Structure formats: C-alpha cells, structure tokens
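# Structure assessment
These are the residues of each chain, in order.
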Amino acid sequence: MSIKTEHDSKRTIDVEREMALIEKGQQLAGHFPNEEALGRARRILEGTLSPEDARAELAAKHGFPLRQR
C-alpha cells in the first residue's frame, strides 16, 4: 500500500516509492541504514519532521554541536 503525501510545494509524493529509492541508493553506495535512520527519512518525507529537526536529532544523538545553516 502506498502513502501519498502533499508537501508545501503542493506536489504529491509516494512515500513508499521514495523510501525504496532511498534504501536501495544507500545499499548501492555500500551503506546499510538502520531502522532509526530509515524512520527519520520517512518522517521527513511524510512532513512530520523537518530536515533541520532531523539534523538536530543526529547532532544530539552523536554529541556534535549543531551547525547553523
């Protein structure tokens, strides 16, 4: 079952398809993302997490200072 989400740009994306592309792209690059990382990507695609908040989560998790963009 695919989930379609409408973003600020008013375009609709198929979250499941985009997740498959993200996961396969990472695998082809030799990376194997864990469930936490994939969940973070999903939340960004669904619009429930902003990219800035995702960066803050990673900075907090790994103890790095959050760089301002």
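Cut-offs and rules
The numbers attached to residues start from 1 for each chain and follow its sequence in the written order. Residue-level local features of this predicted model are given only where pLDDT is at least 70; pairs of side-chain atoms are given and counted only at 80 or more, and the full residue set underlies all totals for whole chains, interfaces and linings. The basis for every side-chain value is the complete set of non-hydrogen atoms in the structure, without hydrogens or water. Known as pLDDT, the predictor's confidence for each residue is given on a scale from 0 to 100. Strands here are runs of E lasting at least two residues and helices are runs of H or I lasting at least four, both read from the DSSP assignment and numbered beginning at the N terminus. Residues adjacent in sequence count toward polar contacts only when both atoms are side-chain atoms; beyond that, a polar contact is any pair of N or O atoms within 3.5 Å, and within protein one must be able to donate a hydrogen and the other to accept it. In this analysis, two residues are considered to be in contact whenever any of their non-hydrogen atoms come within 4.5 Å of each other. Axis definition: a line fitted to C-alpha atoms, limited for helices to the stretch in contact. Angles are taken between N-to-C directions and run from 0 to 180 degrees. Each angle gets one of four labels, with under 35 degrees taken as roughly parallel, over 145 as roughly antiparallel, 65 to 115 as roughly perpendicular, and the rest as oblique. Note: crossing handedness is left-handed where the near helix turns anticlockwise from the far helix by less than a right angle, and right-handed where it turns clockwise. Note that Gly is not counted as nonpolar here; it falls among the polar residues with everything else outside the nonpolar set of Ala, Val, Leu, Ile, Met, Phe, Trp, Tyr, Cys and Pro and the charged set of Asp, Glu, Lys and Arg. Remark: nonpolar core denotes a set of buried residues (Ala, Val, Leu, Ile, Met, Phe, Trp, Tyr, Cys) joined through side-chain atoms within 4.5 Å. Relative accessible area decides the class of each residue, using a 1.4 Å probe on protein chains only: under 20% of the type maximum gives buried, over 50% gives exposed, and in between gives partly exposed.

For the rest of this paragraph, the subject is the confidence of the model for the protein chain. With 84% of its residues at a pLDDT of 70 or more, the protein chain has an overall mean of 89. Within the protein chain, the element-level pLDDT minimum falls on strand S1 (residues 4–6), averaging 64, and the maximum on helix H1 (residues 15–28), averaging 97.

Now for the side chain of Arg40. The residue Arg40 is located in helix H2 (residues 35–46) in this model. Here the side chain of Arg40 touches Glu57 through a polar contact of 3.1 Å, side chain to side chain. Aside from chain neighbours lying at most four places away, what touches Arg40 is Leu49, Ala54, Glu57 and Leu58.

Where H2 contacts helix H3 (residues 51–62), the two axes come as close as 9 Å, and the packing angle between them is 160 degrees. Compared by their axis directions, H2 and H3 come out roughly antiparallel. The hand of the H2/H3 crossing is right-handed. Across from Glu36, Arg40, Arg43 and Ile44 in H2, the residues of H3 making contact are Pro51, Ala54, Glu57, Leu58 and Lys61. Residues belonging to the contact of H2 with H3 are distributed by class as follows: four nonpolar, no polar and five charged.

Listed in full, the six residues of the largest apolar core are Ile13, Val15, Met19, Leu38, Ala41 and Leu45. With residues up to four places along the chain from it excluded, the contact list for Ala41 reads Met19 and Ile22.

Considering the arrangement of structural elements, one finds Asp14 in strand S2 (residues 12–14). Here Glu16 takes part through its backbone nitrogen, which lies 3.2 Å from a polar atom of the side chain of Asp14.

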